[in-house]
Each structure stands twice: as C-alpha cells, then as structure tokens.
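# Structural characterization, general
The chain contents come next:
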Amino acid sequence: MPNPKHVLQSTLLLSFLFQALCKSTIEPCSNSDSCNALLGYTLYTDLKVSEVASLFQIDPIALLTANAIDISYPDVEHHILPSRLFLKIPISCSCVDGIRKSVSTHYKTRPSDTLSSIADSVYGGLVSSDQLREANSIADPSVLDVGQNLVVPLPCTCFNGSDNSLPAIYLSYVVRPVDTLAAIAARYFTTLTDLMNVNAMGSTAINDGDILAVPIPACASNFPKSASDFGLLVPNGSYAITAGHCVQCSCGPRNLNLYCMPASLAVSCSSMQCKGSNLMLGNVTVQQTSGGCNVTSCSYDGIVNGTIVTTLSPSLQPRCPGPQEFPPLFAPPTTVARDSWDFGFHHTLSHLLFGAMLNYRVYLVKRTWASKPWKYYGIVLARNEFEVRAEAVVPSQRTQHTPCLLLLRNSTQVLAFLNSILLLGQLNQVIVIATGCNSCGYVYDSTSERNHGSTTGTMPALYSNLLHNLDEFVARDKQLATAHTPGTVPSSLLSGSLSMALCYIQRAFRSGPMPPQPRILCLQGAADGPEQYVAIMNAIFSAQRSTVPIDSCYIGSNNSAFLQQASYITGGIYYKPPQLDGLYQYLSVSLCFNWLF
C-alpha cells in the first residue's frame, strides 16, 4: 500500500485568523522515471476538444480515447464540449524536486487573467495560485503580463502503477461541496478503506477543493524499456492510442488484459504482421484439443525506433476464449445532465435506463412495426466460407472447389431467415452476394421482378432462384481457379463482396423514394486471409464513414478477427453460434431483435 503524506496549506485572512485550505496527496520520489496518470477536470466553459487538449498540451485523440468517446465522428477534434462536463485528462507524471507532479503544461496569460482565476477557474482547482506563483517565481502576483508563459504544476501520483498489488492508474480528483468519501469510492468502484489508505487519511472528513488520489483498475503493458510507450497503462473501460495513431489499445470490460489492434486512424504505419505467421496485430486463432485449447495471438509489444513490434504468443488454455469484447464507445457529448458526476458513469446509467425501455417496447413490436422506417439488408455469403461441415474436416483435405456443403446442409435455415426479413415489412429488401476464392457476384435481389413468385407476384422466389444462381456462381468461380499452395485453404474475396454491398447501398440512397437504414450481414466459416487485410480494413472504414453497420455470424471452428473488428468499428453485432442445428433461431434472436430496435 502506498505511504503518501499530506501538505496542509494555510493563508492569513484579514481577520488575522488562519484557515486550513485544500489538502492534496503528495507522493515522494527519488528517481527520474515517469508513469501514466489521470486528472479529473471539469470544463469551466464550452470548449472544443482541441482547446481542452491544448490547455493541457496533450493529443486530442488521447483525450477522446481516455474518455471512451468515439473518434470516428466527423471532425471530432472540433466538436464543442459543454461547460461543466467532467473529463479524465491523461498526463505523464514525473518526479520533480523530490515529489510526483506534472510540469509539462504551460498556459499563456490573457487580458483580465489573475493567478486565482487561472488556478480556480481555468484549471478547475487542480493547482493553487500559490503553486503558480512559486513555480514561475512571480514576485508580484497582481501584475501579470499578457502573453506571459506560465508553468502549471499539476498533481499526480504513480504508486508503482499498482493498488493492492494489482495494476492501477491514479486519478487526481478535486472534491466538490456535495461529495462524500463513500460516494467517491462507490463512483470509481473501490472501497472506502482503500481510498483512505491510499490518501493516508485518519478519518472520512473531506473538504471542498481537496485533491484525492483515486485508484482505477487498469490493464498494464509489458513492453521493453526501449519502447517509446514503455509503461503504458489503460484504465478499465477506456482506450489509449499509441504508435503514432497506428495502434489502439483497450481495457475491459470483463477482464484486465490489454488488447491492441490497428487504429481506425492508421495512415502510414510500419508492418503489423507477426513474423513467421499470417496473423496480423490483434488476430487470435484457437484450436480445441483433448488437452485444452491451443490459442495463438498476435500481440502488440510497443513501438521501438518508429517500428511497431509484434509478438506471436502461443498458449494452452483450459477452454477456448470467446470473441474479444470492447468497452462501450460514446458519442461526443453535447449536454451535461444536472449534477452528473462523471461522463462515463452518467452514460452507464443512461444505458441501464435505455435497456429498461427496450424491455418495455418488446410488447409493442407488432403494433409499431408498420410505422417504422424501411430497412435494406445486404447479405454476404462467401463460397469458401461454407465449406465446413458440421463434423470435423481436416484442413489439408479441403480443396478450392469443394461444394458449398454447409450452405446446402443448412439452406432451409438460412433461406427461412432471409424470408423472415422480407416478411417483417413490405418495404424491406434483401440482396445476397456470393463470394468465392476467385470472384464474387450478386445471386439474389428481392427488388428484381424475376425473383417474385409466378403465382401471386408478391413473395420472392428465394428457394428456386437463389440456389440456382448459387450453383451457377460456383461453376463460374471454379473456371477462374488458379494454382494455390498445397495444404493451404484459400480465402474468399470478402473485401470485394463488402465493396459491392456498399456500392449497392449508395445506389439505394440516391435512387430510393425514402432514405434506407442499411445493414450488412456477413456469414463466414473459413479462416481470415491475411493477404486481404488492407483491402478489408478499407472496406470496414468505408462502411463506418457511411454509417452502415456490419453484422457478422461466424460459423467456423475459430473466431474471425476481421469480422470482430468490422462489427466493432461499424457498431454492428458479432455472433458465433455454439452449434449449427439452431442456426435460424440464433440468427433471428441475435440479429433480428437488435435490428428492430
């Protein structure tokens, strides 16, 4: 347990009485190392994201990711954040003059500025006027030159990046008049005893303006000391951007294992492929065996001399892990709820209330469906992705021209699901795109007249037309076959199908009588093809910019890192059914229910 001490500052009032002012937890230090830390900051006025970042000399993207704010929103760095919004400010905490503090922040004075207004208003009580005067050797605090550059010493603590021997990052929190120590402990999921021990408190009494060190569970990195992001800590429930905006790391929500993947902002980055394998950064493969589950992952190991270092990590686990989960992302806030404590905490409550509303709306589905806007669904069926039987198949025995066994075996369930979408609303549309190892193409369009039943002209002839077109597609794709490496399983052209689906959706936007609410569903069973990484990620980011969610149903033995990233980045749903016998039920319950709301 850390053993900090407190500094009690006092001032002489006009009545010649002494009054105790703000207490702040001080951590002594003797070395030159630094750590990641957080500041609890409340905006004193409306400010752009870039203005808040400039106030603390930090990266705007780092500010957004630390608060789990979605960085994919257009022009997000110029988004105006509302006054009184509480934010966590990521900073580097150093050892200066024997104590922990951050001295990397500078402030340029403006007309009418005073040391008190800078300390109490601009920086929200994170620094005092006396500390500003001492740090800048100001003899007369009543005289400040406009444009004067001031060093702003900010409070921070490291405590070896741990709390009770578990990884933690420390938040410097300014106490408000309505705060109690118990409420602060509950807000940040710690105990009253732990908070008192960290801050060396003899009682639970706190005063307005006190600065407390609050431990927040975090995911710790294990990068080499030569890495420029050595010692990276990511608070639970949030993100961090690193490696020059090339890598995004997340922590939580169910464990404290750091997970890193290519960032959506990545433009010019070094290779992210693990040496000696086809896996890219963030990819995970699993193989169930009689002795457990063989898990191989491509992990991030820091950036050294401008090069992204990746590590291939094989391990044997008792059971195979499920799909990677990510902390929820929030839209850039525009308003602040009255008496809201914390941005993330406020959104947690909002999600709980929204979930309660969803449960209430289930009863009204049949009555409200007719008034809901129409939706368009693009379904991507990859030929090679349906080459996995329900029983085990030795990979080396698969060939490039294996029939679509899984699709034929489960055609009744897949086609029944497509019919369900069309039956949910008269204006709903379904487009099916087949994907092979050598080509991809449309095999069904519910808007085409030749796909309507000949008897009534209203129900699309799914069973006859789709399967017939799929057989023709398989034959054409077989004719385009080229030689491939023996013993390998060729991957399907998923990137091409995604691009075709997005092009069709754009045409629907321009030609339809009403704006559609499009989604793309990918059914996949084969392993990811690393050679398609760049093309698939480009298609994913295009879908993200077009606000088109990509839902994924993976029906193979392993998980698909590509589809996990596609669903996560675009706000879609990723699902891996435990068995194929109930595929229709899984698709209906997991996807249709979420689409309705």
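Located above this text is the structure these notes cover.
Overview of the structure. (Residues numbered from 1 in each chain as written. Predicted model: local features only at pLDDT ≥ 70, side-chain atom pairs only at ≥ 80, totals over all residues. Heavy atoms only, no water.)

### Description of helix 14 (residues 561–570)
The test is simple: With a 1.4 Å probe rolled over the protein chains alone, any residue whose accessible area is under 20% of its type maximum counts as buried; one over 50% counts as exposed, and the rest are partly exposed. Each helix corresponds to a stretch of at least 4 residues labelled H or I by DSSP, and each strand to a stretch of at least 2 residues labelled E; elements are numbered beginning at the N terminus.
Burial within helix 14 is extensive, with 10 of its 10 residues counted as buried. By the burial criterion, the buried members of helix 14 are Ala561, Phe562, Leu563, Gln564, Gln565, Ala566, Ser567, Tyr568, Ile569 and Thr570. Taken from the residues just after helix 14, Gly571 is the one with a positive phi, measuring 80°.

### Structural notes on the pattern of salt bridges
Opposite charge on two side chains lets them pair, provided their charged atoms get close. Keep this limit in mind: Note on definitions: salt bridges are taken to be side-chain nitrogens of Lys or Arg within 4 Å of carboxyl oxygens of Asp or Glu.
Within this structure, the stated rule accounts for 6 salt bridges. Here Asp130 ties to Arg133 by a salt bridge, and the two come within 3.7 Å at their closest N and O atoms. Note that Asp130 and Arg133 are positioned in helix 4 (residues 129–135) at a spacing of 3 residues, about one turn of the helix. Here Arg187 and Asp179 are joined by a salt bridge, their closest N and O atoms 3.0 Å apart. The class for Arg187 is buried, based on a relative accessible area of 4%. What makes Asp179 buried here is its relative accessible area of 9%. Among the charged side chains, a network of salt bridges with common partners joins Arg176, Asp179 and Arg187.

### A word on the side chain of Thr190
Defined as follows: Side-chain atoms alone can form a polar contact between residues adjacent in sequence; in general such a contact is a pair of N or O atoms within 3.5 Å, and within protein one must be able to donate a hydrogen while the other accepts it.
Structurally, Thr190 can be placed in the loop between helix 5 (181–187) and helix 6 (192–198). Only 3.0 Å separates the side chain of Thr190 from the side chain of Asp194, close enough to count as a polar contact.

### Considerations on the side chain of Asp179
Put simply, the rule is: Residues count as neighbours in contact if any of their non-hydrogen atoms are within 4.5 Å of one another.
Summarising the element assignment, Asp179 is placed in the loop between strand 10 (166–174) and helix 5. Among the polar contacts made by the side chain of Asp179, one reaches the side chain of Tyr173 at a distance of 2.7 Å. Those residues in contact with Asp179, other than ones at most four positions away along the chain, are Tyr173, Val174, Ile184, Arg187 and Ile206.

### Comments concerning unusual backbone geometry
In this model, Gly252 is joined to Pro253 through a cis peptide bond whose omega is 10°. Within the secondary structure, Pro253 sits in the loop between strand 14 (247–250) and strand 15 (259–262).

### A closer look at the pairing of strand 14
Basically, it comes down to this: Following DSSP output, two strands are said to pair if at least two bridges run between them.
The alternating pattern of strand 14 places Val247 and Cys249 and Gln248 and Ser250 on opposite faces, both of which are buried. Taken together, the 4 bridges between strand 13 (residues 239–242) and strand 14 define a ladder with antiparallel strand orientation. Each residue of the ladder has a partner; that of Ile241, found in strand 14, is Gln248. Both strand 14 and strand 15 contribute to a ladder of 4 bridges, which runs antiparallel.

### Some thoughts on helix 13 (residues 533–545)
Filter applied, for reference: An expected span of 1.5 Å times one less than the residue number is assigned to each helix.
With 13 residues, helix 13 should cover 18 Å at 1.5 Å per step; its first-to-last C-alpha distance of 18 Å lies within 8% of that length. Turning to helix 13, its buried residues are Tyr533, Ile536, Met537, Ala539, Ile540, Phe541, Ala543 and Gln544. Thr547 sits one or two residues past helix 13 and shows a positive phi near 55°.

### Examining the sheet that holds strand 13
As a reminder of what qualifies: With axes taken as lines fitted to C-alpha atoms, and helix axes fitted only over the stretch in contact, angles between N-to-C directions fall between 0 and 180 degrees.
Taken together, the 3 strands give an open sheet; going across it, the order is 13-14-15, and neighbouring strands pair in antiparallel fashion. Edge positions in the sheet fall to strand 13 and strand 15, since each of these pairs with one other strand and no more. Each adjacent strand pair in this sheet contributes to an overall mean axis angle of 25°, direction not counted. Sheet strands in contact with helix 14 are strand 13, strand 14 and strand 15, and its direction is about 85° off that of strand 15.

### Details of the sheet that holds strand 18 (residues 307–317)
Reading across from one edge, 16-17-18 is the order of the 3 strands in this open sheet, with antiparallel pairing throughout. Edge positions in the sheet fall to strand 16 (284–289) and strand 18, since each of these pairs with one other strand and no more. Strand after strand, the sheet turns through a mean of 20° between neighbouring axes, direction not considered. In terms of strand pairing, strand 16 meets strand 17 (residues 292–304) through 6 bridges, oriented antiparallel. Directly across from Thr285, in strand 17, lies its bridge partner Thr296.

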